Amino acid sequence: MLDPGIGFGKTFEMNLEAMNHLELFQNLGFPVLLGTSRKSMIGLALDLPVDQRVEGLWLPV
């Protein structure tokens, strides 16, 4: 399983870039885990305070 590490030492823009290219990770032949949880990256993307960051979505890539 591969985890691109959303939020770990990356800027908001770098996280979006990784998320926009998940198919490149899939080409390695492993399942991709994208764990964004309630991270600040989600707050920036959705303009939500931490207590409202409950968005979740399962998208097989």
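As the structure is a prediction and not an experimental result, all values here were calculated from the model. Once a new chain begins, its residue numbering starts again from 1 and follows that chain's sequence as written. Owing to the predicted nature of the model, reporting of local features is limited to residues with pLDDT of at least 70; listing and counting of side-chain atom pairs is limited to 80 or more, with chain, interface and lining totals taken over all residues. Water and hydrogen atoms were dropped before computing side-chain values, which therefore reflect all heavy atoms in the structure.

1. Quick word on the overall build of the protein chain
No. 1: When you go through the protein chain residue by residue, the secondary structure sums to 3 helices and 0 strands.
No. 2: Numbering of helices and strands runs from the N terminus; a helix is a DSSP stretch of H or I covering at least four residues, while a strand is a stretch of E covering at least two. Along the protein chain, helices (α) and strands (β) appear in the sequence α-α-α when read from the amino end.
No. 3: Three exposure classes are used, based on accessible area relative to the maximum for each residue type with a 1.4 Å probe and protein chains only: buried under 20%, partly exposed in between, and exposed over 50%. Relative to its full complement of 61 residues, the protein chain shows a buried share of 18%.
No. 4: Intrachain contacts of the protein chain at a sequence separation of at least 6 include 50% that bridge at least 24 residues.
No. 5: Element-wise, carbon and sulfur atoms account for 61% of the exposed surface of the protein chain, whose accessible area totals about 4,600 Å². Any two residues having at least one pair of non-hydrogen atoms within 4.5 Å are treated as being in contact. The method behind every accessible area is Shrake-Rupley, applied with a 1.4 Å probe, and residues are considered shielded solely by the protein chains displayed.

2. Some words on the environment of phenylalanine 12
No. 1: Mapped onto the fold, phenylalanine 12 is located in helix H1 (residues 12-20).
No. 2: Exposure remark for phenylalanine 12: the relative accessible area of 23% places this residue in the partly exposed category.
No. 3: For the pair phenylalanine 12 and alanine 45, spaced 33 residues apart in sequence, the C-alpha separation works out to 8.4 Å.
No. 4: Contact partners of phenylalanine 12, with chain neighbours within four places excluded, come to Met41, Leu44 and Ala45.

3. Brief notes about the side chain of asparagine 15
No. 1: Mapped onto the elements, asparagine 15 comes out in helix H1.
No. 2: Once residues lying within four places of it in the same chain are set aside, the contact partners of asparagine 15 are Gly5, Ile6, Gly7, Lys10 and Met41.

4. Thoughts on unusual backbone geometry
No. 1: Here the phi dihedral of aspartate 47 falls at roughly 55 degrees; this positive angle occurs in a residue that is not glycine.
No. 2: Mapping aspartate 47 onto the fold places it in the segment after helix H3 (40-46).

5. What about the confidence of the model for the protein chain?
If pLDDT is low for a region, its predicted coordinates should not be looked at in detail.
No. 1: As a per-residue measure, pLDDT tells how confident the predictor is, with possible values from 0 to 100. Chain-level statistics for the protein chain give a pLDDT mean of 80 and a share of 80% at 70 or above.
No. 2: Within the protein chain, H3 has the poorest average pLDDT of any element, 79, and H1 the best, 88.

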